[in-house]
Amino acid sequence: MSHSETTASADPSSAWFSVRRGILNLLSLLAIVIVGLSLSSSWFQPPPQTQLDLLQTDLALQASRTLDDPRYQDLARALLGQDVFKVAQNRYQQTADNYTERLKRLKRLARLTPAGESEAASPELAQSPEVDPALLASMQDLQTELDALWLRLGLLYAYQEDLEAARQQWQQIIDLERPVELESSQKGAARVLQGLWGTPRRILPEAEVQIRNHLDGWFEAVALQQLYRLQQRSDSLNALNQQQEKLALAALFRLAVVGGIPVLGALLGLMLLLGWLGWSLWRKRPLLGPAWEVPWPGIGAQAVLTGWFLGFIALNALVPRLYIIILGLGARQLSPWQQAVALFLTYNSGALLGAGLLYRLLHAYPGWQRVLQVRLWGPWLLWGLCGYWVALPLVVLAAALSQLLLPQAGGGNPILPLLLDSHGWGARLVFLAVVSVCAPVFEEVLFRGFWLPTLSRYLPMGAAIVLSAFTFALAHLNLSDLLPLTMLGVVLGVVYSHSRNLLAPILLHSLWNTGSLVTLLVLGGAR
């Protein structure tokens, strides 16, 4: 090869380099399109905060008996308020209305309910072969959740002696004009409840079985109490009341933990934030650390992020299917333990792909270790702990702003329903490993250790932190968490810019995820 040819091949303006860059740009554009489609599809999913609010509502209902106990009355009033049943009714009604609107949007998307027509005008799904199977599955899942809300909402109305409103809720589940594909397994339970509070009262066969199969917590207890009264089973009623008194006290303790500790943590975090800002301004210290000297080029970072994201999407579809094929089961037949293992394999396959792409780029540039630093000694523990407390009020504020700006935004962590359905500690420990170890380590290496320093080479430090945080939030692919996760990413970026040690944001991230997981377990105790 001549000198001129060698120079041409090394020249970034050469044809081959241009082709490679063009392909990379197209792949990056594809990744952006996938992100946009995922965010838009999350609009139709129930937001995670709604599920958490309902869990907390269920816990408050379970604890409502303590309002009449002089020993715990003051604490119960402080945590529950005076009108716990009206608050619960309003929350369930708002959620049911929200889910109803989402279901209507899905039906319009499937062209089952044209704009301006009532749901009764919808054709049978069986007569609509063009309906996408994934869309039909989403409608079925949403209809099942909506029926569960109507079942419980009817009990709230019945408990407050608004029997007509209760019957209207249950009648929506029994609706005879509903397409066969959207029929609910909860129809039998709705008929049982209509009989127990109907005129005249009726006890249908297998009433207790239907109640226990489709209700839980406070709702199950209320339905069983009505059944036992009509059956004049005083012994069963007394045993149920004694059990509910114990559960009420346990629920009150859970509410104190879930409500009290985060509030105290947020107050501590606010004081730490104000103190740090005041100290930095007084001592004229910069609020952000200096930019990094990054040896690798920006196009390399673009290639790593694009390759990881597209590969992760592919693995997210491929790994669970291979796992199901190996087990010889259907997707809906997996136990919580098997679902936890599938999640572990899926996430870590994507993390290994990302680690491989990072190594392929970084090993060619000596000095990368000065950017992705991990040191056991130093103030990283203090930065991680204080950053966690500071993140609490900021992320809560961002979540409130998100609900204000995007009240209909959906999505959320897919681990949430899996965790709530798990009962053994084996599955929960696997979830803990993914959430509290695997995710913090890989995501902090990628977004804080690699992507943030890369951006600081081209942007001011503040803009680099915000953009890296936004990228971190986008990678979670749901609208409802976009603002809260961006705020969390900002705090993680500030911590890393000062600590210069990846252990600090990894600790903060791990504490955050672990705290969220523990909160879910505590709230899930209501069911």
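Residues numbered from 1 in each chain as written. Predicted model: local features only at pLDDT ≥ 70, side-chain atom pairs only at ≥ 80, totals over all residues. Heavy atoms only, no water.

**Observations regarding the overall build of the chain**
Stage number 1. A count of helices and strands for the chain gives 19 helices and zero strands.
Stage number 2. If you take every contact in the chain between residues at least 6 apart in sequence, the share linking residues at least 24 apart comes to 76%.
Stage number 3. As displayed, the chain has an accessible area near 26,800 Å², and 63% of this comes from carbon and sulfur atoms. (Helix = DSSP H or I, 4+ residues; strand = E, 2+ residues; numbered from the N terminus. Contact = heavy atoms within 4.5 Å. Areas by Shrake-Rupley, 256 points an atom, 1.4 Å probe, with all protein chains shown as cover.)

**Comments concerning unusual backbone geometry**
Stage number 1. In this structure, P200 follows T199 across a cis peptide bond, with omega equal to 0 degrees.
Stage number 2. Relative to the assigned elements, P200 resides in the loop between α8 (187-196) and α9 (207-214).
Stage number 3. The backbone phi angle of Q232 is positive, close to 55 degrees, even though this residue is not glycine.
Stage number 4. By secondary structure assignment, the location of Q232 is in the loop between α10 (217-231) and α11 (234-282).
Stage number 5. Of the residues examined, Q232 reaches a relative accessible area of 70% and is grouped as exposed. (Buried < 20%, exposed > 50% of the residue type's maximum accessible area, 1.4 Å probe, protein only.)

**Some thoughts on the confidence of the model for the chain**
Stage number 1. Within the chain, residue pLDDT values average 85, and 87% of them lie at 70 or more.
Stage number 2. In the predicted structure, residues 1-10 sits below a pLDDT of 50 and forms four contacts with residues beyond four places in sequence or in another chain.
Stage number 3. Low confidence marks residues 114-123, where pLDDT is under 50. Its contacts with residues over four positions away, or in another chain, come to 11 contacts. (pLDDT = per-residue confidence, 0-100.)

**A closer look at the side chain of S280**
Stage number 1. Mapped onto the elements of the fold, S280 is located in helix α11.
Stage number 2. Looking at S280, its side chain comes within polar contact range of the main-chain oxygen of W276, at 2.8 Å.
Stage number 3. Apart from the residues lying within four places of it in its own chain, the contact partners of S280 are R285 and L287. (Polar contact = N/O pair within 3.5 Å; in protein donor to acceptor, adjacent residues only side chain to side chain.)

**Examining the packing of aromatic side chains**
Stage number 1. Counted by the stated rule, this structure contains 16 aromatic pairs.
Stage number 2. Judged by centre distance (5.7 Å) and plane angle (50 degrees), the ring pair of W308 and F442 falls under tilted. Of this pair, W308 sits in helix α12 (residues 298-327) while F442 sits in helix α16 (residues 425-456), placing them 134 residues apart in sequence.
Stage number 3. The exposure class assigned to W308 is buried, which follows from its relative accessible area of 8%.
Stage number 4. Residue class for F442 comes out buried when judged on its relative accessible area of 8%.
Stage number 5. Taking the centre distance of 6.1 Å and the plane angle of 80 degrees together, the rings of F312 and Y347 count as edge-to-face. With F312 in helix α12 and Y347 in helix α13 (residues 336-362), this residue pair connects regions lying 35 residues apart in the sequence.
Stage number 6. With a relative accessible area of 12%, Y347 lands in the buried category.
Stage number 7. The ring of F219 has R152 sitting right over it, with the charged end atom 5.7 Å from the ring centre.
Stage number 8. Cation over ring: R500 sits above W292, and NZ or CZ is 4.0 Å from the ring centre. (Phe/Tyr/Trp six-rings, centres within 6.5 Å; stacked < 30°, edge-to-face > 60°. Lys NZ or Arg CZ within 6 Å of the ring centre and 35° of its normal.)

**Details of the environment of Q56**
Stage number 1. Looking at where Q56 falls in the secondary structure, it is placed in helix α3 (residues 48-63).
Stage number 2. Ignoring sequence-local partners within four residues, the contact set of Q56 consists of L255, V258 and L523.

**Quick look at the packing of helix α5 (residues 84-109) against helix α6 (residues 133-159)**
Stage number 1. Two elements in contact, α5 and α6, have axes separated by 9 Å at closest approach and are oriented at 155 degrees. With respect to α6, the element α5 is oriented roughly antiparallel. For the pair α5 and α6, the crossing hand works out as left-handed.
Stage number 2. Taken together, the residues of the contact of α5 with α6 sort by class into 18 nonpolar, six polar and four charged. (Axes fitted to C-alpha atoms, helices over the stretch in contact; angles between N-to-C directions. Parallel < 35°, antiparallel > 145°, perpendicular 65-115°, else oblique. Left-handed = near helix turned anticlockwise from the far one by under 90°. Nonpolar A, V, L, I, M, F, W, Y, C, P; charged D, E, K, R; others polar.)

**What to know about the pattern of salt bridges**
Stage number 1. Counting across every chain of the model gives eight salt bridges.
Stage number 2. A salt bridge links D216 to R152, with the nearest nitrogen and oxygen atoms 3.4 Å apart. Here D216, found in the loop between α9 and α10, pairs with R152, found in helix α6; they are 64 residues apart in sequence, far enough to count as distant.
Stage number 3. R152 sits in the buried class, given a relative accessible area of 7%.
Stage number 4. Between E444 and R448 there is a salt bridge, with the nearest N and O atoms lying 2.8 Å from each other. Here R448 and E444 lie together in helix α16, a separation of four residues that amounts to about one turn. For the pair E444 and R448, a shared accessibility class is recorded, and that class is buried.
Stage number 5. In this structure, a network of salt bridges that share partners links the residues E208, R212, E220 and R233. (Salt bridge = Lys/Arg side-chain N within 4 Å of Asp/Glu carboxyl O.)

**Description of the nonpolar core**
Stage number 1. Membership of the largest hydrophobic core comes to 64 residues, with the highest contact counts inside it found for W296, Y347, L446, F450 and L488.
Stage number 2. Elements with a minimum of two residues in this core: α2 (15-42), α12, α13, α14 (380-405), α16, α17 (461-474), α18 (482-499) and α19 (503-524).
Stage number 3. Not counting residues within four places of it along the chain, the set of residues in contact with W296 comprises L361, L362, Y365, W368, V371, L372, F450, T454 and R457. (Core = buried A, V, L, I, M, F, W, Y, C linked by side-chain atoms within 4.5 Å.)

**Comments concerning the packing of helix α4 (residues 73-80) against α11**
Stage number 1. α11 packs onto α4 with a crossing angle of 55 degrees between their chain directions and a minimal axis gap of 10 Å. Here α11 runs oblique to α4, going by the angle between their axes. In this structure, α4 meets α11 at a crossing whose hand is left-handed. Judged by residue contacts, L75, A76, L79 and L80 of α4 engage L252, L255 and A256 from α11.

**Here's the deal with a nonpolar patch on the surface**
Stage number 1. The grouping of W16, V19, I23, L27 and L30 at the surface amounts to a nonpolar patch, some 480 Å² of accessible area in total.
Stage number 2. A relative accessible area of 41% places V19 in the partly exposed class. (Patch = residues over 30% accessible without salt bridge, like charges linked within 9 Å, V, L, I, M, F, W, Y side chains within 5 Å.)

**Thoughts on the side chain of T454**
Stage number 1. In this fold, T454 is placed in helix α16.
Stage number 2. At a separation of 2.7 Å, a polar atom in the side chain of T454 contacts the side chain of W296.
Stage number 3. For T454, the residues in contact, after removing those within four places along its chain, are V294, W296, G298 and A301.

**Re the environment of Y99**
Stage number 1. Structurally, Y99 is set in helix α5.
Stage number 2. A relative accessible area of 3% means that Y99 is categorised as buried.
Stage number 3. On a C-alpha basis, the gap between Y99 and E145 in space is 8.2 Å, while along the polypeptide they are 46 residues apart.

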